[in-house]
Structure formats: structure tokens, C-alpha cells
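Coordinate analysis (summary)
So you can see what is in the structure, the chains are spelled out below.
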Amino acid sequence: RELSWYNHKYFYAHGTGPTFERHSELVLKGIPDIHMTSLGRYVDHLKKFASLVSRDNILVLSYDELKKDPEKVQWRIQQYLGREFPGALATLNTHDDPNKLR
């Protein structure tokens, strides 16, 4: 989620910025970024959530990972939940799917 926020703010709005690694270092140190603070910081919400929920109850996935290897993401979800489920993430809700959620 933080990568998505970073891409949106820097590359769609400003066209340039620090590397994601540098941005992450600043965020984790609590150093505010003048470009990122106007709409709030997602990391603050995550920190609060993480303080309330144990790490083994959180599965972190990324959209980029889903696009690159949907079968692996489905496998990771199944491993996390401890059960298999039918369906194929590779074909659900694609851009040209007539059943796409809108």
C-alpha cells in the first residue's frame, strides 16, 4: 500500500522524487515529507493497526505481485488461510472482462 501511495504522489503528481527505499527510510523514521503529508500518512494507520493485531494475523500482498503472478498470490492466500478455494485470480476482474467490477 505504501508503494502505491508513493507512486501516486511522486510519479503521477510530481514526476520525480526520492527512491522508494529512501522514502521508506524517512517514513519509518517519522520524518515528514512535504509532498506526502497534505493527505495524511497511510503508515500511521498501519502502525496503529499493527499495534492491535499480531503479525501472524496479517497477510501482506501487493497489486504488482498479483499482476505478475496471480497463481502464486492465490497459493499464498490459501497457505495463509489453511485451505484451498476454487477460482482463478488470473482471470477474475480483468480489464476486458465483461463482468468486471465497476
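Residues numbered from 1 in each chain as written. Predicted model: local features only at pLDDT ≥ 70, side-chain atom pairs only at ≥ 80, totals over all residues. Heavy atoms only, no water.

1. What about the overall build of the chain?
To keep things clear, this is the line we draw: A run of DSSP states H or I qualifies as a helix once it reaches four residues; a run of E qualifies as a strand once it reaches two. Both are numbered from the N-terminal end. Whether a residue is buried, partly exposed or exposed follows from its accessible area with a 1.4 Å probe, protein chains only, as a fraction of its type maximum: under 20%, in between, or over 50%, in that order. Any two residues whose heavy atoms approach within 4.5 Å at even a single point are treated as in contact.
Each helix and strand in the chain was counted, giving 5 helices and 0 strands. Shown N-terminal to C-terminal, the secondary structure of the chain runs as helices and strands in the order α-α-α-α-α. A burial count over the chain gives 18% of its 102 residues as buried. Within the chain, residue pairs in contact and separated by at least 24 positions form 25% of the contacts whose partners lie at least 6 positions apart.

2. Topic: the pattern of salt bridges
Selection rule: Definition used for salt bridges: Asp or Glu carboxyl oxygen within 4 Å of a side-chain nitrogen of Lys or Arg.
One pass over the structure, following the stated rule, counts 2 salt bridges. E65 is the partner of R76 in a salt bridge, and the nearest nitrogen-oxygen pair spans 2.7 Å. Taken together, the residues span a long stretch of sequence, with R76 in helix α5 (residues 70-81) and E65 in helix α4 (residues 63-68) at a distance of 11 residues. Of the residues examined, R76 reaches a relative accessible area of 23% and is grouped as partly exposed.

3. With respect to the confidence of the model for the chain
This is how it is decided: A residue's pLDDT is the confidence the predictor assigns to it, expressed on a 0 to 100 scale.
Summarising the model, the chain shows a mean pLDDT of 76, and 69% of its residues fall at 70 or more. Of all secondary-structure elements in the chain, the lowest mean pLDDT belongs to helix α1 (residues 2-14), at 70, while α5 reaches the highest, 92.

4. With respect to helix α2 (residues 20-29)
Quick reminder of the rule: Read the arc as the range of directions from the helix axis to the C-beta atoms.
Turning to α2, its buried residues are H23, L26 and V27. Looking straight down α2, one finds that the buried residues subtend no more than 100° of arc, so they occupy a single side. Counted as exposed and oriented over 90 degrees from the buried face of α2: E21, L28 and K29. Just past α2, the residue G30 takes up positive phi, approximately 80°.

5. Focus on α5
Stated formally: To estimate the expected span of a helix, subtract one from its residue number and multiply by 1.5 Å.
End to end, α5 covers 16 Å across 12 residues, agreeing with the expected 16 Å (1.5 Å per residue, within 8%). Three or more residues of α5 are buried, namely P70, V73, Q74, I77 and Q78. The buried residues of α5 occupy one face: seen down the axis, they fall within an arc of 140°. Check the buried side of α5 and you find it contacts α4. Among the residues trailing α5, G82 stands out with phi positive, at a value near 75°.

6. Brief notes about the side chain of Q74
Locating Q74 in the fold gives a position in helix α5. With a relative accessible area of 9%, Q74 lands in the buried category.

7. Things to note about the environment of S62
Relative to the assigned elements, S62 resides in the loop between α3 (42-52) and α4. Its relative accessible area of 33% is what places S62 among the partly exposed residues. Here the alpha-carbon distance between S62 and S4, two residues 58 residues apart in the chain, equals 8.8 Å.

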